Amino acid sequence: MLIHLVNPNTTRSMTEKAAIVARAVAAPGTEIRADESANGPASIEGPYDGAMAVPGLLARIEQAVAAGADAHVIACFDDTGLDAARALSPKPVIGIGEAAAHAAAFVADRFSVVTTLSRSIPTLEANLVRYGLASRCARVRAAEVPVLALEDPASDACARISEEIARALVEDRSEAIVLGCAGMTDLARRLSAIHGVPVVDGVAAAVVFAEGLARIGLSTSKIGGWAPPLPKARGRAE
Ligand code: 5HY
């Protein structure tokens, strides 16, 4: 089985970090092929970056379809370009945000999300409403850590995320935590051990969900909004 993991931002170190986690949880015989947008924002912090990241993401999805991918994982917690990717590919497309929220709902009645900057919160809250999981999420919080600080070993990012988790467990009465950024994928086990609750990493959850759907032969329905794009002129204005 071939799972395509795509990071919609252009920061390769984040792609590689996610690929390490993906390969660690993938079943024997599953190949993980990881890439990032060839052009676009180095990080996605809010709706403008999210919109600017979609063309690069879709170019990678198209390439992976041609390469025979059995499923795709969008390794950005905003689930950037998820609907467009589901229209473009005949194979399952799982966003790490949606995957993490569902995984958390399987192991806790209430969970909180801890993401990077406050400017990302509205998108994540809207996604949870869309996914039908807003009622299970006590709160979407921000540790006020820039996305790319997660790529800097000298930053205090992990400590700030841990402090926000501690607040969530007390103030939100949350029973589990969802890490709200692909760049946090390597922190889940450590933070779960510190706080004694499930800490969900969307990369790991998305990979096992993608594998599972591909294994049982389920893929995106093509009779509604995720129908293949219609042929039309897509070049310069005429
Ligand atoms: C992510 N941004 O997972 C999101 C998280 C965020 O570049 N990768 C990014 O802060 O919205």
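Quick caveat, the model's predicted, so the values are computed rather than measured.

> Can you help me understand the packing of helix α6 (residues 157-171) against helix α7 (residues 188-195) in this one?
Relative orientation and spacing of two packed helices are given, respectively, by the angle between their axes and the distance between those axes. Across the interface, α6 lies against α7 with an axial gap of 11 Å and an inter-helix angle of 45 degrees. By the angle between their axes, α6 is oblique relative to α7. Along this stretch, α6 crosses α7, giving a crossing that reads as right-handed. Here C158, I161, S162, I165, A166 and L169 of α6 come into contact with α7, specifically with R190, L191, I194 and H195.

> What am I meant to see in the site of the ligand here?
Lining the immediate environment of the ligand, one finds 13 residues, of which I44, F77, D78, T116 and A182 sit closest. Here an oxygen atom of the ligand and a backbone polar atom of F77 are 2.8 Å apart. Here an oxygen atom of the ligand sits 2.5 Å away from a polar atom, N or O, in the side chain of T116. The fraction of the free accessible surface of the ligand (300 Å²) that becomes covered by protein chains is 100%. Here the residues of the shell around the ligand are counted per class, giving six nonpolar, six polar and one charged.

> Help me understand helix α2 (residues 47-66) in this model?
Along its 20 residues, α2 runs 29 Å from first to last C-alpha, staying within 8% of the 28 Å computed at 1.5 Å per residue. The principal kink in α2, of about 35 degrees, is found at V54, preceding the proline P55 by one to four residues. Buried within α2 we find D49, G50, A53, G56, L57, R60, I61 and A64. Elements in contact with the buried residues of α2: β1 (2-7), β2 (31-36), β3 (71-74) and α3 (82-88). One or two steps after α2, the chain reaches G68, where phi turns positive at roughly 90 degrees.

Parameters at a glance
- What you see as residue numbers is a count from 1 along each chain, following the sequence as written.
- Totals for whole chains, interfaces and linings use all residues, but because this is a predicted model, local features are given only for residues with pLDDT of at least 70 and pairs of side-chain atoms are given and counted only at 80 or more.
- Excluded from the side-chain calculation are hydrogens and water; included are all heavy atoms of the structure.
- Only the stretch in contact is used when a helix axis is fitted, and all axes are lines through C-alpha atoms; the angle between N-to-C directions ranges over 0 to 180 degrees.
- Strands here are runs of E lasting at least two residues and helices are runs of H or I lasting at least four, both read from the DSSP assignment and numbered beginning at the N terminus.
- Throughout, the term roughly parallel applies to angles under 35 degrees, roughly antiparallel to angles over 145, roughly perpendicular to angles from 65 to 115, and oblique to all others.
- Left-handed describes a crossing whose near helix is turned anticlockwise from the far helix by less than a right angle; the clockwise case is right-handed.
- Any two residues having at least one pair of non-hydrogen atoms within 4.5 Å are treated as being in contact.
- Near residues are defined by distance, with any heavy atom within 4 Å of the molecule or strand qualifying the residue.
- N or O atoms within 3.5 Å of each other form a polar contact, as long as, within protein, one can give a hydrogen and the other can take it, and as long as residues adjacent in sequence are counted only when both atoms are side-chain atoms.
- Note on areas: these come from Shrake-Rupley sampling with a 1.4 Å probe, and a residue is covered only by the protein chains present in the view.
- Classification convention: Asp, Glu, Lys, Arg as charged; Ala, Val, Leu, Ile, Met, Phe, Trp, Tyr, Cys, Pro as nonpolar; all other residues, Gly among them, as polar.
- Here, expected helix span is obtained from the residue count minus one, scaled by 1.5 Å.
- Two axes define the bend at a residue: one fitted to the seven residues ending there, one fitted to the seven starting there, and the bend is the angle between them.
- Partly exposed describes any residue whose relative accessible area lies between the buried limit of under 20% and the exposed limit of over 50%, with all areas from a 1.4 Å probe on protein chains only and scaled to the type maximum.

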